[in-house]
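# Geometric and topological summary
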Amino acid sequence: MKLIIAIIKPFKLDEVREALTGVGVTGMTVTEVKGFGRQKGQTEIYRGAEYSTNMVPKIKIEVACGSDISDKVVEAIQAAASTGAIGDGKIFVLDVGQAVRIRTGETDETAL
């Protein structure tokens, strides 16, 4: 099993969700987050005054899936989230040791 964590631009969420549904993902967790990478923040104008923010709003998506479809999930996220501009985000793939569905007690891939 794999846990795939993707940090993407907020306006790409619907496209990524549709792409994940297309490859068989049945659930995901979405969190609004802030951070920065190479772009080191951004400059914005508010009420006529320009100011610099050092944290950029992003969306964090977490998907637990079987190892057999993890490559397809990563490819779907990358294709749907890409704009070709700086700040498109990152994808991290982690191994999952165990998963348990609380309601039924099912474990591992049957719990997903």
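Further up the page is the structure itself.
Scope of this entry: the structure provided in the associated data block. (Residues numbered from 1 in each chain as written. Predicted model: local features only at pLDDT ≥ 70, side-chain atom pairs only at ≥ 80, totals over all residues. Heavy atoms only, no water.)

### Considerations on the side chain of lysine 2
Under the convention used in this document: The helix count covers DSSP runs of H or I at least four residues long, the strand count covers runs of E at least two residues long, and both are numbered beginning at the N terminus. Any pair of nitrogen or oxygen atoms within 3.5 Å is treated as a polar contact; in protein, a donor-acceptor pairing is required on top of that, and neighbouring residues in sequence qualify only through side-chain atoms on both sides. By definition, residues are in contact when any of their heavy atoms lie within 4.5 Å.
With respect to the helices, strands and loops of the structure, lysine 2 is situated in strand β1 (residues 2-8). Polar side-chain contacts of lysine 2 include one of 2.4 Å to the side chain of aspartate 95. Residues in contact with lysine 2, not counting those within four places in the same chain, are Val63, Ala64, Cys65, Ser67, Ser70, Val93, Leu94, Asp95 and Val96.

### Some thoughts on the sheet that holds β1
Basically, it comes down to this: Think of it this way: DSSP has to see at least two bridges between two strands before they count as a pair. Helix axes use the C-alpha atoms of the stretch in contact, all axes being lines fitted to C-alpha atoms, and the angles between their N-to-C directions lie in the range 0 to 180 degrees.
Ordered in space as β2-β5-β1-β6, the four strands form an open sheet in which the pairing is antiparallel. Since the sheet does not close on itself, it has two edges, and those belong to β2 (29-35) and β6 (89-95), each with one partner. For this sheet the average axis-to-axis angle between neighbouring strands, irrespective of direction, equals 20°. One ladder, built from seven bridges, connects β1 with strand β5 (residues 56-65); its direction is antiparallel. Within the sheet, the bridge partner assigned to isoleucine 7 lies in β5 and is lysine 60. Its contacts with the sheet put helix α2 (residues 70-81) on β1, β5 and β6, and the angle it makes with β1 is roughly 5°.

### Things to note about unusual backbone geometry
Trans is the common state for peptide bonds, and a negative phi is the common state for residues other than glycine. Within the chain, aspartate 108 stands out as a residue other than glycine whose phi angle is a positive 55°. Mapped onto the elements of the fold, aspartate 108 is located in the segment after β6.

### Observations regarding the pattern of salt bridges
Where charged atoms from two side chains of opposite charge come close, those side chains can pair. Stated precisely, the cut-off is as follows: We define a salt bridge as a contact between a side-chain nitrogen of Lys or Arg and a carboxyl oxygen of Asp or Glu at a distance within 4 Å. In this scheme, a residue with accessible area under 20% of its type's maximum is buried, one over 50% is exposed, and one in between is partly exposed, where area comes from a 1.4 Å probe on protein chains only.
Taken as a whole, this structure holds five salt bridges when the rule is applied. Residue glutamate 15 pairs with lysine 12 through a salt bridge whose shortest N-O separation is 3.1 Å. By relative accessible area, which is 40% here, glutamate 15 ends up partly exposed. Lysine 12 gets classed as buried once you look at its relative accessible area, which sits at 8%.

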